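# Secondary and tertiary structure notes
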Amino acid sequence: MNSETCFHCALPIPSGCNLTVDIEGERRPVCCPGCKAVAELIRDTGLSRYYELRDLPDPGVGRPPEEAAEWSVFDGDDMLAAFTEASGDNREATIYVGGMYCSACSWLIETTMSKQPGIESAEINPITHRLRLTFPAEGASLSAYLARLADLGYQPQPLSPESTARPEVVEQRTALKRLLVASLGMMQVMMFAVGLYAMDYQGIDPDMQHFLRLVSFFVTTPVVFYSAKPFFTSAWRGVVGKKPGMDLPVSIAVGAAYAASVYATFTRGEAVWFDSVTMFVFFLTLGRFLEMRARHRSIDRSAALSSLLPNTATRLDETAHSVVPVSQLRKDDRVLIRAGEPIPADGLLASGSTSVDEALLTGEPRPQAKAVGDELSAGSVNLDGMIEMTVTQTGSDTTLGTISILSERARYARPAFVTLADRIASYIVVALLVVATGVATFWYFADPDRAFVITLSVLVVTCPCALALATPAAFAAAGSRMSQLRLLVTNGNAIEALSRATLAMFDKTGTLTNGMPRITSVLVVDNNFTEMDCRLVAAALEHASTHPLARAFAMQDELPSVTSHEVVVGQGIKGIIDGNEWRIGSAAFVGGAAGPSEEIATHVLLGVDGSVVAWFALEDELRHDAGETLREVRRLGLRTALVSGDNQLAVDEVAAKLEITDAHAECTPEDKLAIIKAAQERGERVVMIGDGINDAPVLAGADTSIAPAHGALLAQTSADVIMLGESLEPMTTAIAMSRKTMRIVRQNLAWAIVYNAVALPLAAAGYVPPWAAAIGMSASSLIVVLNALRLNRFE
């Protein structure tokens with residue numbers, strides 16, 4: 001390392017800095033007192049060899065932080081409960097160690113921490129950078145261990161137990177172990193099988209043949225009883241539940257081939273099929289593993305979203321601030337967030353200004369500027385200044401939490417198409433067992449010596465694995481990819497319905513427009529009230545509404561008290577203020593005449609006791625990509641229509657800009673539903689794109705529905721597919737992806753049917769040996785899964 005860079009962290013040495021440290025008798029330059037202290041700590045603990053083992057660090061890695069963290073907070077009972085697990089008389093903590101960059105770091109950390117007082121074990125995973133510490137529940141200090149890691153120049157971050165023990169990770173690790181055992185077993189047994197097959201033609205010593213069979217037996221046994229265990233378990237569960245699945249013929253074939261081979265081995269029979277057994281199990285396990293990974297991709301996204309939240313937050317009290325677990329934050333808490341820190345909960349910016357990164361939440365790559373009063377979403381990252389935030393939602397009620405809940409709901413939604421495929425596969429299993437019994441009976445009388453081998457081949461070659469995987473593998477891959485493309489599928493049947501859609505029917509406000517309307521003018525027609533009076537009453541009434549137009553009336557002033565608040569969907573809102581019934585909404589609802597006919601703006605009336613008090617004119621700009629999205633929808637072959645509760649002029653203007661010829665204005669929810677029903681009676685398959693909250697009955701009446709939604713409104717959205725972010729473009733992605741998904745499902749089903757139709761007669765006629773049957777069946781399953789996984793590359 002040259003003399004102009006720090007020996008410890010590789011940063012340039014500042015001019016005028018003459019600090020050095022003695023390492024192995026040589027004076028080494030360092031850039032600051034912190035690096036000097038860390039280097040001396042490593043030297044004094046006898047770990048100087050670290051500098052010989054390490055790779056050259058990136059500049060700055062390993063340098064201690066300028067300000068020491070308040071590690072003592074982690075010794076509190078609440079923090080220990082949040083970040084450690086009890087294990088007998090000990091506690092276990094998992095710590096993410098930031099700043100690791102080579103294997104020497106792992107050696108340094110593990111060696112140093114093992115020597116700390118009270119530490120019973122310290123194990124670090126150099127791949128995930130996670131350190132697992134075991135220490136006594138009494139008399140040990142988690143803060144001391146964290147401080148020692150910080151002293152070494154790393155950035156420790158305790159992890160909650162929930163983030164370290166995800167069930168899908170355990171499932172994946174177990175499946176990977178089974179796959180590894182099956183692959184190693186198959187390779188070894190195939191090597192022995194080559195010798196056995198070759199010696200069958202050239203002659204073989206009986207003792208050598210018996211030896212190779214014995215070795216094959218010992219290698220195959222763990223493959224059958226460990227790697228193939230899920231097949232036997234599933235088959236038995238199906239038999240007990242009287243719902244035989246595709247694992248039943250698999251288990252019969254594997255068990256019968258293994259048992260017959262063991263018998264032949266110890267009785268020195270004519271043939272063994274250990275090679276077929278291991279090959280069969282390996283390829284089946286590989287197919288199941290790939291299908292499982294497709295399912296887990298959606299879980300991985302949920303886990304990635306969950307990991308956006310910090311473990312702790314700095315809560316501001318009246319006189320001081322304290323570091324607390326995020327789970328202890330409550331509504332109206334005031335939180336301090338420094339630059340670079342993730343936002344721990346939903347809230348309103350109370351002090352300062354900044355920009356935030358919301359890319360993983362909304363897909364928007366550009367930082368979003370935020371000023372006092374703006375909404376902040378949990379999981380987004382504060383990029384610039386130090387800010388203070390007032391918490392409005394925590395935990396599962398946040399935007400991030402809602403996205404995770406919706407993703408979870410989507411994972412458990414089973415499309416009718418998948419359920420039908422499962423039911424068909426179950427009947428096919430029974431039919432195949434009947435066919436196999438018939439084949440066995442025929443060959444028993446025709447050629448008893450070949451009956452077992454041919455029946456085994458029939459069972460293996462016709463296993464309906466490909467048929468059973470054809471649909472769920474494609475839907476799992478599609479759901480995972482759609483979530484990556486900012487689309488949450490909450491109804492399992494949405495993909496199939498979208499693929500068949502012929503008519504896209506759009507709502508206007510909040511769908512084709514930005515959903516951020518503004519009041520352009522106020523016309524007061526009752527001299528007893530001022531414009532400010534009308535604005536305050538309107539804001540009070542609209543305060544409880546989730547309709548996009550309600551945002552235009554929001555005010556920071558103190559609002560009148562409203563009782564008997566009632567939202568009349570599609571018409572307006574009414575409530576009692578100072579003993580009088582006030583209404584805001586459409587002309588028919590409030591009791592006034594229609595708005596000025598020459599104005600294009602949306603009109604909202606305010607009235608009291610049946611008399612009109614004021615007119616509000618509102619305007620909302622079209623989404624920037626609305627025109628391009630509708631052109632793409634038409635290019636995909638769908639017709640477009642517009643249904644809106646707005647006035648005719650406003651609707652006609654939007655329809656003209658977007659080239660929509662079928663436009664309906666001044667529609668109530670009942671009118672919209674009638675329009676959808678009429679289209680369906682004409683043979684159209686309707687996808688409704690609208691407000692998933694206020695138009696819930698309308699969306700339910702369509703064949704499928706899509707809604708743009710974000711923020712707190714996510715939890716209330718009832719659409720089948722939810723688009724995250726401010727763009728309409730994901731809608732065309734959803735349609736195109738759905739069509740490709742169903743195309744792949746049809747390809748998979750066609751392949752599975754053709755394969756079984758060809759393979760069954762050949763196997764029954766005795767032309768397919770067991771090893772070829774294993775390859776054919778496994779290959780058909782792999783083709784189906786790999787074909788489905790092509791959806792992961794959809795753009």
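A short tour of the structure in this document, coming up. Quantities reported herein were computed from a predicted structural model and do not represent experimental measurements. (Residues numbered from 1 in each chain as written. Predicted model: local features only at pLDDT ≥ 70, side-chain atom pairs only at ≥ 80, totals over all residues. Heavy atoms only, no water.)

## Section: the overall build of the protein chain
- Helix and strand content of the protein chain: 25 helices and 29 strands.
- For the protein chain, the proportion of its 795 residues judged to be buried stands at 49%.
- Counting only contacts in the protein chain whose residues sit at least 6 apart along the sequence, the fraction spanning at least 24 positions is 68%.
- Taken as a whole, the protein chain presents about 36500 Å² of accessible surface, with 55% of it coming from carbon and sulfur. (Helix = DSSP H or I, 4+ residues; strand = E, 2+ residues; numbered from the N terminus. Buried < 20%, exposed > 50% of the residue type's maximum accessible area, 1.4 Å probe, protein only. Contact = heavy atoms within 4.5 Å. Areas by Shrake-Rupley, 256 points an atom, 1.4 Å probe, with all protein chains shown as cover.)

## Notes on the packing of helix H7 (residues 206-227) against helix H9 (residues 247-267)
- At a minimum axis separation of 10 Å, H7 and H9 run at an interaxial angle of 150°. With respect to H9, the axis of H7 lies roughly antiparallel. Relative to H9, the crossing made by H7 is left-handed. Every residue of H9 that contacts H7 at His-210, Arg-213, Leu-214, Phe-217, Thr-220, Thr-221, Val-224 and Phe-225 is listed here: Val-254, Tyr-258, Val-262, Ala-264, Thr-265 and Phe-266.
- Within the contact of H7 with H9, the residues separate by chemical class into nine nonpolar, four polar and one charged. (Axes fitted to C-alpha atoms, helices over the stretch in contact; angles between N-to-C directions. Parallel < 35°, antiparallel > 145°, perpendicular 65-115°, else oblique. Left-handed = near helix turned anticlockwise from the far one by under 90°. Nonpolar A, V, L, I, M, F, W, Y, C, P; charged D, E, K, R; others polar.)

## Remarks on the nonpolar core
- Val-250, Phe-280, Val-281, Val-460 and Met-777 are the most contacted members of the largest nonpolar core, which has 51 residues in total.
- A total of nine residues in this core trace back to one element, the largest contributor, which is helix H10 (residues 274-306).
- In terms of nonpolar packing, the next biggest core, distinct from the first, is built from 44 residues, Ala-473, Val-489, Ala-504 and Ile-689 among them. (Core = buried A, V, L, I, M, F, W, Y, C linked by side-chain atoms within 4.5 Å.)

## Considerations on a nonpolar patch on the surface
- On the surface, a cluster of nonpolar side chains totalling about 420 Å² of accessible area is made up of Val-754, Val-758, Leu-762 and Tyr-767.
- Residue placement: Leu-762 occurs in helix H24 (residues 729-764). (Patch = residues over 30% accessible without salt bridge, like charges linked within 9 Å, V, L, I, M, F, W, Y side chains within 5 Å. Salt bridge = Lys/Arg side-chain N within 4 Å of Asp/Glu carboxyl O.)

## A short note on the pattern of salt bridges
- For the structure on display, the rule yields 19 salt bridges.
- Its salt-bridge partner being Arg-268, residue Asp-207 comes within 3.6 Å of it at the nearest N-O pair. Here Arg-268 lies in the loop between H9 and H10 and Asp-207 lies in helix H7, a separation of 61 residues in the sequence.
- The residue Glu-653 makes a salt bridge to Lys-657 at a minimum N-O spacing of 3.7 Å. Separated by four residues within a single helix, Glu-653 and Lys-657 lie in helix H21 (residues 648-657), roughly one turn from each other.
- Note on Glu-653: relative accessible area 31%, which makes it partly exposed.
- Residue Lys-657 is classed as exposed on the basis of its relative accessible area, which comes to 54%.
- Several salt bridges share partner residues, and in doing so they unite Glu-85, Glu-92 and Arg-132 into one network.

## A short note on the packing of aromatic side chains
- Under the criterion given, the structure shown has 14 aromatic pairs.
- A ring pair is formed by Tyr-258 and Phe-274, whose centres lie 6.4 Å apart and whose planes are at 65°; its orientation type is edge-to-face. Taken as a pair, Tyr-258 in helix H9 and Phe-274 in helix H10 lie far apart in primary sequence, 16 residues in all.
- Residue Tyr-258 is classed as buried on the basis of its relative accessible area of 10%.
- Looking at Phe-274, the relative accessible area reads 2%, which means it is buried.
- Between Arg-178 and the ring centre of Tyr-226, over which it is positioned, the NZ or CZ distance is 4.8 Å.
- Above the face of the Phe-589 ring, Arg-583 is positioned so that its terminal group lies 4.6 Å from the ring centre. (Phe/Tyr/Trp six-rings, centres within 6.5 Å; stacked < 30°, edge-to-face > 60°. Lys NZ or Arg CZ within 6 Å of the ring centre and 35° of its normal.)

## A look at empty space enclosed by the protein
- Enumeration over the complete set of coordinates arrives at three cavities of 30 Å³ or more.
- Space inside the second largest cavity adds up to approximately 60 Å³.
- Taken together, Ala-253, Val-254, Ala-257, Ser-276, Val-277, Phe-280, Leu-456, Val-460, Pro-770 and Ala-774 make up the lining of the second largest cavity.
- If you list the elements that add at least two residues to the lining of the second largest cavity, you get H9, H10, helix H14 (448-461) and helix H25 (770-789).
- Tallied by class, the residues present in the lining of the second largest cavity amount to nine nonpolar, one polar and no charged. (1 Å grid on protein atoms, 1.4 Å probe; cavity = no way out; pocket = protein on both sides within 12 Å on 5 of 7 lines; lining within 4 Å. Points joined across faces, edges and corners; volume = space filled by probe spheres on them.)

## Thoughts on the sheet that holds strand E14 (residues 375-376)
- Spatially, E9-E8-E10-E16-E11-E14 is the arrangement adopted by the six strands of the open sheet, whose pairing is antiparallel. Bordering the open sheet on either side are strand E9 (321-325) and E14, each of which pairs with just one other strand. (Pairing = 2+ DSSP bridges.)

## Regarding H14
- Between its terminal C-alpha atoms H14 stretches 20 Å, which fits the 20 Å expected from 14 residues at 1.5 Å a residue.
- Of the positions making up H14, those classed as buried are Ala-451, Ile-454, Thr-455, Leu-456, Ser-457, Val-458, Leu-459, Val-460 and Val-461. (Expected span 1.5 Å × (residues − 1).)

## Points about the side chain of Thr-314
- In this fold, Thr-314 is placed in strand E8 (residues 312-316).
- Apart from the residues within four sequence positions on either side, Thr-314 is in contact with His-321, Ser-322, Val-323, Arg-334, Val-335, Leu-336 and Arg-338.

The values are spatial; any link to function lies outside them.
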